[in-house]
Amino acid sequence: MSAKIGVVSNAHSNRNRTGLKEFAALLHDHPQVKHLAFHDISDLTDCLREMAAAGVTHLCISGGDGTVQAAISALINDKPFAAMPKLSLLSAGMTNVIARDLGETELPAPHLKRLIERVEAGDPGQTVERNVMTLDLFDGGPPIHGFLLGAIAFYQGTILGRRKVHGMGFTQSLASKIGILLSVLRVLWYGPGDRSGFHGERVALSLDGKAEPPQDLFLLVATTLTGILPGIKPFWGLGPGPIRLTTISHPPRRFAFAALPALRGKPKPWMESHGYCSRRADQLECDLVTPVVFDGEFLETDGGPGFRLSVGPKITFTRY
């Protein structure tokens, strides 16, 4: 069976907007590539069904982390394809943590041009597997499938970064790093509280069915990726579980000395006894009240009862 390439693109993604002419010109020169742009995430499932009906075998997702999350969720929950197509990511969003973790950092148009050439030449590409994390917010809605979840200080820092940094014209990766640095500096300068905008929260965790006593946490972050950004891999726990989980107790103790080792995933021997903990698991339940950030998307917990995060299926991505 001959290869059929399809591209679904988020019309509102940063790089899709700024590189629109180049992207459109490339697609014009390759009419054999089926392209569908959506303006509302609710239209994505219909786009995928149309791709499946057209016989697409190689599906390219052009957007940021939220677009990837929505596409993976639709592919798993709605099953528009009888068999999962080959998946490739084009880094086109405000945040592209997932694509970057797979080694995809090129602008969408030149990346797609190379992909088309290689697919049509019969190149099978290089495959990379990642487990998804399945999120249940206990709200009766369908499960959400993604790769990076953060809460408490992660949520507060994401708001700060988008308000202060992302509109300043920095590249996506640099803007995210500056946002993290700004968050750390505010906590160091003002300490947790109203002046810094960083607050802890009392939560109860359960890992792999084992409940833990309620505790005050400053930060919670979980992923099945290898890291968050180049040089920022705040995970060091061992074990067989695909979910990497790091928590920091509130208030963060000796934060000036712990922040950099924690961000790099290279803890000092004293850090665990001071509330810096990294583990691996297959399932996590948390009863926190405040919203979480899941692949760059803010999700409300509606004041409780929190969420359940569990290991989902492995997804195979293909790089060209």
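Residues numbered from 1 in each chain as written. Predicted model: local features only at pLDDT ≥ 70, side-chain atom pairs only at ≥ 80, totals over all residues. Heavy atoms only, no water.

## Focus: a nonpolar patch on the surface
Logical step 1: A cluster of nonpolar side chains, namely L181, L185 and L188, defines an oily patch on the protein surface of about 270 Å² accessible area.
Logical step 2: Within the secondary structure, L181 is located in helix 8 (residues 172-190).
Logical step 3: For L181, a relative accessible area of 49% gives the class partly exposed. (Patch = residues over 30% accessible without salt bridge, like charges linked within 9 Å, V, L, I, M, F, W, Y side chains within 5 Å. Areas by Shrake-Rupley, 256 points an atom, 1.4 Å probe, with all protein chains shown as cover. Salt bridge = Lys/Arg side-chain N within 4 Å of Asp/Glu carboxyl O. Helix = DSSP H or I, 4+ residues; strand = E, 2+ residues; numbered from the N terminus. Buried < 20%, exposed > 50% of the residue type's maximum accessible area, 1.4 Å probe, protein only.)

## A word on helix 9 (residues 255-264)
Logical step 1: For helix 9, the full list of buried residues reads F255, A258, A259, P261 and A262.
Logical step 2: G265 lies just past helix 9 and shows a positive phi near 70 degrees.

## Observations regarding the pattern of salt bridges
Logical step 1: On inspection of all chains with the given rule, the structure shows 11 salt bridges.
Logical step 2: Across the salt bridge formed by R279 and E212, the nearest N and O atoms sit 2.5 Å from each other. Here the residue R279 occupies a position in strand 13 (residues 276-281), and E212 occupies one in the loop between strand 10 (210-211) and strand 11 (215-223), the gap between them amounting to 67 residues.
Logical step 3: Residue R279 is classed as partly exposed on the basis of its relative accessible area, which comes to 22%.
Logical step 4: Connected via shared salt-bridge partners are D136, E285 and R308.

## Topic: the nonpolar core
Logical step 1: Core analysis: the largest hydrophobic core is formed by 54 residues, its most contacted members being L59 and I72.
Logical step 2: With seven residues, helix 4 (residues 65-77) is the single largest residue contributor to this core.
Logical step 3: Residues contacting I72, with those up to four places away along its chain left out, are L87, V132, H145, F147, I315 and F317.
Logical step 4: With 24 residues, the next largest nonpolar core counts L135, I152, L207 and A281 among its residues. (Core = buried A, V, L, I, M, F, W, Y, C linked by side-chain atoms within 4.5 Å. Contact = heavy atoms within 4.5 Å.)

None of the figures reported here should be taken as evidence of function without further support.
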